[in-house]
Amino acid sequence: MQYHTKLKQGDIAPYVLLPGDPKRVAVVASFWDEAHLVADNREHVTYTGIYKGMPISCTSTGMGCPSTAIAMEELARVGARTFLRIGTCGTFQDFINNG
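Conventions adopted
- Residues numbered from 1 in each chain as written.
- Predicted model: local features only at pLDDT ≥ 70, side-chain atom pairs only at ≥ 80, totals over all residues.
- Heavy atoms only, no water.
- Helix = DSSP H or I, 4+ residues; strand = E, 2+ residues; numbered from the N terminus.
- Contact = heavy atoms within 4.5 Å.
- Buried < 20%, exposed > 50% of the residue type's maximum accessible area, 1.4 Å probe, protein only.
- Pairing = 2+ DSSP bridges.
- Expected span 1.5 Å × (residues − 1).
- Arc of directions from axis to C-beta.
- Phe/Tyr/Trp six-rings, centres within 6.5 Å; stacked < 30°, edge-to-face > 60°.
- Lys NZ or Arg CZ within 6 Å of the ring centre and 35° of its normal.
- Polar contact = N/O pair within 3.5 Å; in protein donor to acceptor, adjacent residues only side chain to side chain.

Engineer: What exactly am I supposed to notice about the environment of A71 here?
Structural biologist: Residue position: A71 is located in helix α2 (residues 64–77). Taking the C-alpha atoms as reference, A71 lies 7.8 Å from T59; in sequence the two are 12 residues apart. Setting aside its immediate chain neighbours within four residues, A71 contacts T5, H44 and T61.

Here you go:
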């Protein structure tokens, strides 16, 4: 059992989506064919399920690099192999539209 995420081997798919906000995880999982809550501890909420026949997981990272590093390290320890950060973005450059 991982200390911060409360995940264990078999809880996670090899592919993991990583939003920052824990409230976004259930929203992401609602688009999957099948999803269930696996763990919820501190800022790390995790769902695992199936999307178009492929196993997939989603774990929130919380705010900033330290909590993201913790989540990714613990996810890798229990079987995650591919990580994709998802979420909002912005810019300071006037010629690039936000979104």
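Moving on from the model shown.
Engineer: Can you walk me through the pairing of strand β3 (residues 44–51) in this structure?
Structural biologist: Residues in a regular strand point their side chains to alternate faces of the sheet. Burial of β3 is extensive: six of the eight residues sit out of reach of the surface. Bridge count for strand β2 (residues 34–41) against β3 is seven bridges, and the pairing is antiparallel. Counted as the bridge partner of A39 is T46 from β3. Counting the residues between successive antiparallel strands, the hairpin from β2 to β3 contains two residues, one of them, R42, with a positive phi of roughly 55°.

Engineer: Help me out: how do you make sense of α2 in this one?
Structural biologist: Within an α-helix, residues lying three or four positions from one another point in the same direction, as the helix has 3.6 residues per turn. Along its 14 residues, α2 runs 21 Å from first to last C-alpha, staying within 8% of the 20 Å computed at 1.5 Å per residue. Burial in α2 covers these residues: S67, A71, E74 and L75. When α2 is viewed along its axis, its buried side chains cluster within an angular range of 105° and face the same direction. Opposite the buried face of α2, by more than 90 degrees, sit the exposed residues C65, P66 and R77. For α2, the elements touching its buried residues are β1 (15–18), β3, β4 (54–59) and β5 (82–85).

Engineer: Would you mind showing me how to read the packing of aromatic side chains here?
Structural biologist: Tallied over the entire structure, the rule returns zero aromatic pairs. Over the aromatic face of Y3 sits the side chain of K6, whose NZ or CZ is 5.1 Å from the ring centroid.

Engineer: How do you make sense of the side chain of T46 when you look at a structure like this?
Structural biologist: Relative to the elements of secondary structure, T46 occurs in strand β3. Of the polar contacts made by the side chain of T46, one reaches the side chain of T59; its length is 2.9 Å. Apart from the residues within four sequence positions on either side, T46 is in contact with L7, I12, V25, H36, L37, V38, A39, C58 and T59.

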